[in-house]
Amino acid sequence: MGIELNTPGTADLGRALAALREWQSDDAPMQLHPGDLGWFWRFGAAETAAAVRTWSRDGRVLAFGFLDGADVLRVTTAPERFRDAALAEQMAADIADPDRGVLPAGKANVELPTGAVLDDHLAAVGWGTDEAWTPLRRDLTAPVEDPGLRIETAGPAQAELRAELHRSAFEGSTFAADHWRAMAAGPEYADARCLIGYDGSDAVAAVTVWSAGPGRPGIIEPMGVHADHRGRGHGRAVCVAAAAALRDLGASSALVCTPSTLTGAVATYRSAGFEPLPERLDRHREG
């Protein structure tokens with residue numbers, strides 16, 4: 001039986017997410033994480049399912065794609081399939097052809113793990129490189145130091161505050177309390193936490209962390225500092241708190257990825273004990 005490309009419905013999404021969760025490993029390069037889907041769940045289950053593409057054979061998911069916006073595909077494969085040339089050839093053909101229903105025509109970007117043979121196949125069909133990203137990792141074997149801020153876990157009563165902090169940190173964001181509630185109702189949030197950092201009585205920063213289960217790496221997505229409280233070390237503090245929360249959830253390491261051009265963000269994560277990994281380049285198609 002050949003490789004099948006599918007867009008799972010909401011009823012089938014759990015099986016695909018379970019596969020993605022199993023692929024998370026400290027031995028693998030940073031890749032698409034279930035928490036990326038958990039954060040997207042703020043738009044609801046139906047929209048999340050519609051953004052997923054899977055490549056399967058005999059009912060087994062071999063690769064997972066996530067449309068993080070209309071023209072950005074984030075993709076990974078089962079670890080043993082990183083160098084699978086036949087799978088990569090099929091995926092490259094599906095990604096490059098708008099009629100296959102993966103990406104529309106025109107400009108588009110593909111994010112994929114460093115070292116995946118799919119990178120070579122996309123290059124072979126004319127995709128160039130684009131924005132550089134810096135992944136960073138913090139090992140969670142040892143206990144995490146005190147962050148130096150009062151940290152509270154956000155629940156439904158703090159949904160509006162959590163949303164307000166996000167909108168202040170990310171200019172142009174429309175994140176609202178209803179988005180937080182939808183996200184928190186999603187299945188991936190069972191292994192997630194939203195944290196709010198306080199300087200005195202002021203809520204100054206927020207972060208959401210996502211575990212993929214005990215012994216697997218977790219991620220930070222997203223982290224932000226209120227616009228009125230920047231430059232005071234609150235970003236570092238809330239990242240330390242994020243690492244502690246992931247350790248409490250059983251994660252083996254904490255991962256985050258940021259555009260390399262955001263040198264301030266890279267410096268913040270490094271100050272919180274995160275070590276940079278090799279830069280990663282998106283694949284890009286011009287319109």
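Look up a bit, the structure's there.
Residues numbered from 1 in each chain as written. Predicted model: local features only at pLDDT ≥ 70, side-chain atom pairs only at ≥ 80, totals over all residues. Heavy atoms only, no water.

Colleague: So what's going on with the overall build of the chain? Which residues, and what values?
Modeller: Within the chain one finds nine helices and 13 strands. In terms of overall dimensions, the chain is globule-like: its C-alpha atoms have a radius of gyration of 19 Å, near the 19 Å expected for 287 residues. In terms of overall dimensions, the chain has C-alpha extents of about 60 × 35 × 35 Å along its principal axes. The proportion of buried residues among the 287 residues of the chain is 52%. About 12100 Å² of surface is accessible on the chain, with carbon and sulfur atoms providing 49% of the total. (Helix = DSSP H or I, 4+ residues; strand = E, 2+ residues; numbered from the N terminus. Rg over C-alpha atoms; globule rule 2.2 N^0.38 Å. Buried < 20%, exposed > 50% of the residue type's maximum accessible area, 1.4 Å probe, protein only. Areas by Shrake-Rupley, 256 points an atom, 1.4 Å probe, with all protein chains shown as cover.)

Colleague: Outline the pairing of strand β4 (residues 72-77), supporting the account with residue identities and numerical values.
Modeller: Buried residues dominate β4, accounting for five of its six residues. The turn joining strand β3 (residues 60-67) and β4, which pair antiparallel and follow one another in sequence, is formed by four residues; a positive phi near 110 degrees is taken by Gly69. In terms of strand pairing, β4 meets strand β5 (residues 108-111) through three bridges, oriented parallel. Within β5, the residue paired with Arg74 across the bridge is Glu111. In this fold, β4 hands off to helix α4 (residues 85-96), which returns the chain to β5; that crossover is right-handed. (Pairing = 2+ DSSP bridges. Right-handed = clockwise from strand over helix to strand, strands pointing away.)

Colleague: I'd like to hear about the nonpolar core, residue by residue, with values.
Modeller: Judged by nonpolar contacts, the single largest core of 38 residues is most densely connected at Phe64, Ile95, Leu103, Val110 and Leu118. Those elements that place two or more of their residues in this core are α1 (13-22), α2 (34-40), β2 (52-57), β3, β4, α4, β5 and α5 (118-124). In terms of residues, this core owes the most to one element, β3, which gives six residues. Look past the residues within four positions of Ile95 in its chain and what remains in contact with it is Trp55, Leu73, Val102, Leu103, Val110, Leu118, Leu122, Trp127 and Arg285. Counting 29 residues, the second-largest nonpolar core is a separate cluster that includes Val207, Ile220, Val238 and Ala243. (Core = buried A, V, L, I, M, F, W, Y, C linked by side-chain atoms within 4.5 Å. Contact = heavy atoms within 4.5 Å.)

Colleague: Summarise the packing of aromatic side chains; cite the residues concerned and give the values.
Modeller: Per the counting criterion, the structure on display carries six aromatic pairs. Relative to Phe66, the ring of Phe40 lies with its centre 5.0 Å away and its plane at 80 degrees, an arrangement referred to as edge-to-face. Placement of the pair is Phe40 in helix α2 and Phe66 in strand β3, with a sequence separation of 26 residues. Members of the aromatic cluster, connected to one another through ring pairs, are Phe40, Phe43 and Phe66. (Phe/Tyr/Trp six-rings, centres within 6.5 Å; stacked < 30°, edge-to-face > 60°.)

Colleague: Explain the layout of surface pockets to me, and be specific about the residues and the numbers.
Modeller: Estimates place the volume of the largest pocket at around 1400 Å³. Taken together, 50 residues make up the lining of the largest pocket; nearest its centre are Phe170, Glu221, Pro222, Met223 and Thr258. Among the residues making up the lining of the largest pocket, the classes are represented as 22 nonpolar, 15 polar and 13 charged. (1 Å grid on protein atoms, 1.4 Å probe; cavity = no way out; pocket = protein on both sides within 12 Å on 5 of 7 lines; lining within 4 Å. Points joined across faces, edges and corners; volume = space filled by probe spheres on them. Nonpolar A, V, L, I, M, F, W, Y, C, P; charged D, E, K, R; others polar.)

Colleague: Can you explain the pattern of salt bridges? Please cite residues and give values.
Modeller: What the rule picks out here adds up to 17 salt bridges. Between Arg100 and Asp94 there is a salt bridge, with its nearest N and O atoms 2.3 Å apart. We note a salt bridge from Glu111 to Arg280, for which the minimum N-O separation is 3.6 Å. With Glu111 in strand β5 and Arg280 in strand β13 (residues 280-285), this residue pair connects regions lying 169 residues apart in the sequence. Taken as a pair, Glu111 and Arg280 share a single burial class, namely buried. By sharing partners, the salt bridges in this structure join Asp36, Asp68, Arg74, Glu111 and Arg280 into a single network. (Salt bridge = Lys/Arg side-chain N within 4 Å of Asp/Glu carboxyl O.)

Colleague: Explain the pairing of β13 residue by residue, including any values.
Modeller: The buried fraction of β13 amounts to five of the six residues, a majority that puts the element mostly inside the structure. Bridging between β5 and β13 involves three bridges; their strand directions are antiparallel. Within the sheet, the bridge partner assigned to Val110 lies in β13 and is Arg283. In terms of strand pairing, strand β6 (residues 128-139) meets β13 through four bridges, oriented antiparallel. In the sheet register, Ala132 faces β13, and the bridge partner there is Leu281.

Colleague: How would you explain the environment of Leu20 if you had to name every residue and give the values?
Modeller: Mapped onto the fold, Leu20 is located in helix α1. Between the alpha carbons of Leu20 and Gly35 there is a distance of 10 Å; along the sequence they are 15 residues apart. Not counting residues up to four positions away in its chain, the partners in contact with Leu20 are Leu32, His33, Pro34, Leu37, Phe64 and Thr76.

Colleague: Give me helix α7 (residues 177-185): which residues, what numbers.
Modeller: Here α7 has its buried residues at Ala177, Trp180 and Met183. Projection of α7 onto a plane perpendicular to its axis shows the buried side chains occupying an angular sector of 120 degrees, all on one side. The exposed residues of α7 that point more than 90 degrees off its buried face are Asp178 and Ala185. (Arc of directions from axis to C-beta.)

The values are spatial; any link to function lies outside them.
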